[in-house]
Structures are given as structure tokens and as C-alpha cells.
Amino acid sequence: MIARSLLDELQQLNREEKIQVIQFLNDELSDDADKLPKGAHVFKTWPTIASEEAISTLKRLEEEFKDSG
Amino acid sequence: MADKLVFPYVINQRYAPDGRARPFLPISLSNRGRVVQTLALVDSGADMNVLPHDVGSQLGGIWDEQQEIVGLSGIAGEVESRAFVVDLAVGNWPITNLGFAWTREADVPVVLGQISFFSHFKVCFMRSSQQFELEYV
């Protein structure tokens, strides 16, 4: 569990420092990917998380498709 | 027409080489006379249906002509995708128009997620008996 104090500290960082933290975490996660158990499969699109905009785009097109059919 | 269909969890070596059985549903996708039969992962944790690149191409999708979906993410961050609406057939139930996020990735299964597979079907997972039940809404 992430300590509240750590989150508070991160919040105090300026924009540039926050980007550095993101890059650091990205590197850490990339390293972790190499340590996954043999046979594990990681898909870039998994888990699939969509923004409200993405969801409304798909819903709208489904409706248009239904109306045109 | 059956009200409910029950499917077994299956081992899909192509997408899940760990040999673990998962809720893969046999489906038929079609678009303008092109048909693809495949196993699709029923994933209640996925916000959206996902179509791998090869399946979208087989269904006649033209990447540059499909509308871009902004804001789709996966484990590696933002994923480039296009909206693609095709016909879904399960068993002998009525054909359903289903929108997919068509990705550039080929190495993924068809994923049936909350938008909008779960809007059209009620799904009950029964892990203990390695089965899942589907009901057409």
C-alpha cells in the first residue's frame, strides 16, 4: 500500500519533477516485464481501459450502424 | 431459441499459453459478406470490445477509413485504435451489431467487454464449475 506521505510528497513536486518520476516508474515497470513468470502473456491492450470520449464514440457509431441497417 | 446458453471455460494455447482455462466464447463475426469464426475472451474487466488487427482486416476493415478512438489504454499506455462495427452471432441468437476498438495489435484475442457486449448479454461466470452462462437481453 502506498503511504499517504509519499503521495503528499509527489503532489508537492513541480511539473518537471513529476515527469521525471513518471519516467523512473516507466523504466521500473519495463524491467519488471522481463521478470514475469514463464508462460505469462502480456497484451498491450489488456486490461482495456477506455475514456468517456472513447466509449461515446463507439456507442454513437453502433447507433448509426443500427439506424442505417 | 434457447434463453440461456452455457459454455465451458477452455484452454486457448494461442493467447493463454499458461494452460489455464478461461471464458472464451465461440463467436462468428461478419461484415459485408466476410465472416470470421473465432474464440473471444469474455472479459468483464475490459471497458470495451477489442478486435485484433488481423481479424479486422479479414472482415474488410480499412484502417485509414475507420474513425479513430481517442482514449483507449492498455497495460502499455495509450493504444491506437479505430472504431469498427460488425455483426456478432452467438449460437442461433439474433445477430447483434457490436462496436469494437480495432487495434494495430495482432497478438491479442477478440475481447468482449462492457461496451457493449455486456449491454446485449447477461453473463454469469461460474468459476467453480469452469463454466459461464450467457443470456440474450
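Note: the structure precedes this text.
Residues numbered from 1 in each chain as written. Chains lettered and ligands numbered in written order. Predicted model: local features only at pLDDT ≥ 70, side-chain atom pairs only at ≥ 80, totals over all residues. Heavy atoms only, no water.

Taken in spatial order, the three strands line up as β1(A)-β6(B)-β7(B) in an open sheet, and their pairing is antiparallel. Pairing within the sheet leaves two strands with one partner each, and these edge strands are β1 (49-50) of chain A together with β7 (77-78) of chain B. Strand direction decides the pairing type here: strand β6 (residues 72-74) of chain B and β7 of chain B, joined by two bridges, are antiparallel. Bridge assignment links S73 of chain B to a residue of β7 of chain B, and that residue is E78 of chain B. (Pairing = 2+ DSSP bridges. Helix = DSSP H or I, 4+ residues; strand = E, 2+ residues; numbered from the N terminus.)

Another aspect to go through is the interface of chain A and chain B. Interface size, as often reported, equals the accessible area lost upon joining of the parts. With 23 residues of chain A at the contact, the number on the chain B side is 39 residues. Counting each side, the surface lost to burial between chain A and chain B is near 2700 Å², with a carbon and sulfur contribution of 65%. Remark: the boundary between chain A and chain B carries eight residue pairs in polar contact (both at pLDDT 80 or more). Breaking the side of chain A that touches chain B down by element, the ones donating at least two residues are β1 and α3 (52-68) of chain A. Considering every element that reaches the side of chain A that touches chain B, the biggest residue donor is α3 of chain A, with 11 residues. Looking at the side of chain A that touches chain B, its residues break down into 11 nonpolar, six polar and six charged. Where β1 of chain A meets β6 of chain B, two bridges bridge the pair, whose relative direction is antiparallel. Note that in β6 of chain B the partner of I49 of chain A across the bridge is S73 of chain B. (Contact = heavy atoms within 4.5 Å. Buried area = accessible area lost by both parts, 1.4 Å probe. Polar contact = N/O pair within 3.5 Å; in protein donor to acceptor, adjacent residues only side chain to side chain. Nonpolar A, V, L, I, M, F, W, Y, C, P; charged D, E, K, R; others polar.)

In this section: the pattern of salt bridges. Pairs can form between side chains of opposite charge once their charged atoms are near each other. All names here are of chain B. Under the definition given, this model contains five salt bridges over all chains. For K4, the salt bridge identified is with E133, shortest N-O distance 3.9 Å. Residue K4 is found in strand β1 (residues 4-8), and its partner E133 is found in strand β12 (residues 131-136); the two are separated by 129 residues along the sequence. According to the relative accessible area criterion, K4 is partly exposed, its value standing at 44%. (Salt bridge = Lys/Arg side-chain N within 4 Å of Asp/Glu carboxyl O. Buried < 20%, exposed > 50% of the residue type's maximum accessible area, 1.4 Å probe, protein only.)

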